[in-house]
Amino acid sequence: MTDVVMPQMGESIVEGTLTRWLKKPGEQVERDEPLFEISTDKVDTEIPSPAAGVLSEILVQEGTTVAINSIVARIGEANGAAAAAPPAQQAAPPPPPQQAAPPPPPPPAPSQSPSDLGPSARASGTAQAPPPPSPAGAGPYPSTPAPQPPPTPSAQADGNDDQGPLSPLVRKMAREYNIDLSQIRGTGVGGRITKHDVEAHMSSQAARTYAAPPPEPKATSAGPYPVEPPPQQAPSPSQGQQPPAPLPFAESAKTRTEPMSTMRQKIAEHMIMSKRTSAHVTTVHRVDMTKVAKLRERSKAEFQARNGFSLTFLPFVAAATAEALRAFPIFNASIDGKNIVYYRDINLGIAVALEGGLIVPVIRNADEKNVAGLQRSIVDLATRARSRQLKPDEVAGGTFSITNFGSFGSIFATPVINQPQVAILGVGAVEKVPAVIDGDAIAIRSQAHLALTFDHRLIDGALADQFCQKVKSILEGWSANIL
């Protein structure tokens, strides 16, 4: 019997959502054959089977989010010795039969006088049997159980509670934000508290913190005895004391509601977490791309014929960025508490737009590739990302990211940092514009805007501008015929 576990999808990923099973219990499966699909905030991909055999048992149903290394299924021997097990969710066993209530006592003897009977019994002349005694512990009103002390935060952190095991990320968030996990209701498997539960709790706490307190009643007299204040009239809308209620949808309005995809939900969670974690600041620099544009124009036909794909501006920017990261290693780092972690390798994440979201595959050791090699890597990763063929390790380990919103015509934007990185470079569209050169001369130049968003906790504005100037100088002084 082989256990199938939820794989580790990246250094910062502690859980994943199982979106679809590709095999059913009892079906034959080959080694490395796609077995199920998972979705995280970094990747949406198929997971291959770790062994050949028969899928004997599915432990995690579709749509469930589980921690990494959790067992999601089991594979039995291929000879059919292991029969398919029933689904993980079995019907609950029937409750034990309740003990029959004791029979009512016999009616009173005929010698009982009418004065000993109830009013209705005296009126009818017959004796009424007393009601049967209620079971032990039961009475005419439901008894209230003794209050139990809430679990302590330390017990929550150890996972010895009803919320199930806690992931390292949840423990870290509880420590950093001083959160009492006993106040959070887990929505994960088995009641486990997830990162989403903690973020929702923090949002609700913030909403209550910033809510305006109700106005205190003014004293109506200064005497020794309290005087009942007169009834307050409801404030008029002109006084502005209460916000107006939101307007409902018009009855004739036509709407359509559909749930977010798993990838969209993960992206939303990751973006909110990034904005909450880093102090985002963006600086924008205009770059003269004329030399790069001329080189690309001269080489693109030959490059297309030799490689089978076109030459874009992005690999030039990636090459310049990798060189600048060597000169400014603090941009190729991350923050761990009060420590700075510097990475030796330069692994560039390249944002790829998908039909229903965004993914950031990684080019490893980007500083060791030339322009042609970077273009080949970009095309390969983008193609496999759109066909859902990326491997988990191809979206993990990035140290710096680049997003090319200029490919959609955008001049510049303010991108969000891809955690746990400390900066991201946005590339705007390359356009021919009139520019002043050589003193007062005006010429047509190919220009673009580079937008660097950086974490102000670690990087100051002056250093960010020096980094951008380094990238700018490399692109503007590009040597001819160097690919």
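Here is a short report on the structure shown in this document.

Regarding its fold elements, the protein presents nine helices and 19 strands. Expressed as a percentage of its 483 residues, the buried residues of the protein come to 36%. Considering only intrachain contacts with a sequence separation of at least 6, the fraction spanning at least 24 residues in the protein is 63%. Here the protein has roughly 29300 Å² of accessible surface; of this, 55% comes from carbon and sulfur atoms.

Let us now look at the side chain of S377. Mapping S377 onto the fold places it in helix α8 (residues 371-386). Other than its neighbours up to four places away in sequence, S377 contacts I363 and K369.

With that settled, consider the pairing of strand β4 (residues 34-39). β4 sits mainly inside the fold: five of its six residues count as buried. Where strand β2 (residues 15-21) and β4 come together, four bridges link them in antiparallel fashion. The residue bridging L18 from the neighbouring strand is I38, located in β4.

Taken in spatial order, the four strands of this open sheet run β1-β8-β6-β3, and their pairing is antiparallel. Here the strands that pair on one side only, and so sit at the sheet edges, are β1 (2-5) and β3 (28-29). Relative to strand β8 (residues 71-76), strand β6 (residues 53-58) runs antiparallel, the two sharing four bridges. Looking at the pairing, L55 lines up with I75 of β8.

In summary, soluble globular proteins display a tendency toward joint burial of nonpolar side chains. One finds F331, F400, I402, L452, F467, L475 and W478 to be the most contacted residues of the largest nonpolar core, which totals 56 residues. The element contributing the most residues to this core is helix α7 (residues 314-327), with nine residues. Excluding anything up to four places from it in sequence, F331 contacts L325, T399, F400, V422, A423, L452, I459, L463, A464 and F467. V4, V29, I47 and A73 belong to the second largest nonpolar core, which has 16 residues in total.

Conventions and cut-offs
All chains use their own residue numbering, which begins from 1 and follows the written sequence. Predicted model: local features are reported for residues with pLDDT of at least 70 only, side-chain atom pairs are reported and counted for 80 or more only, and whole-chain, interface and lining totals are derived from all residues. Side-chain calculation: all heavy atoms of the structure are included, whereas hydrogens and water are not. Numbering of helices and strands starts at the N terminus; helices are DSSP runs of H or I of at least 4 residues and strands are runs of E of at least 2. For every residue, the accessible area obtained with a 1.4 Å probe (protein chains only) is divided by the maximum for its type, and the residue is called buried under 20%, exposed over 50%, and partly exposed between those limits. Residues are treated as being in contact if the distance between any of their heavy atoms lies within 4.5 Å. For every accessible area listed, the method is Shrake-Rupley and the probe measures 1.4 Å; residues are considered covered only by the protein chains on display. Pairing between two strands is assigned when DSSP locates at least 2 bridges connecting them. We call a set of buried Ala, Val, Leu, Ile, Met, Phe, Trp, Tyr and Cys residues a nonpolar core when their side-chain atoms join them within 4.5 Å.

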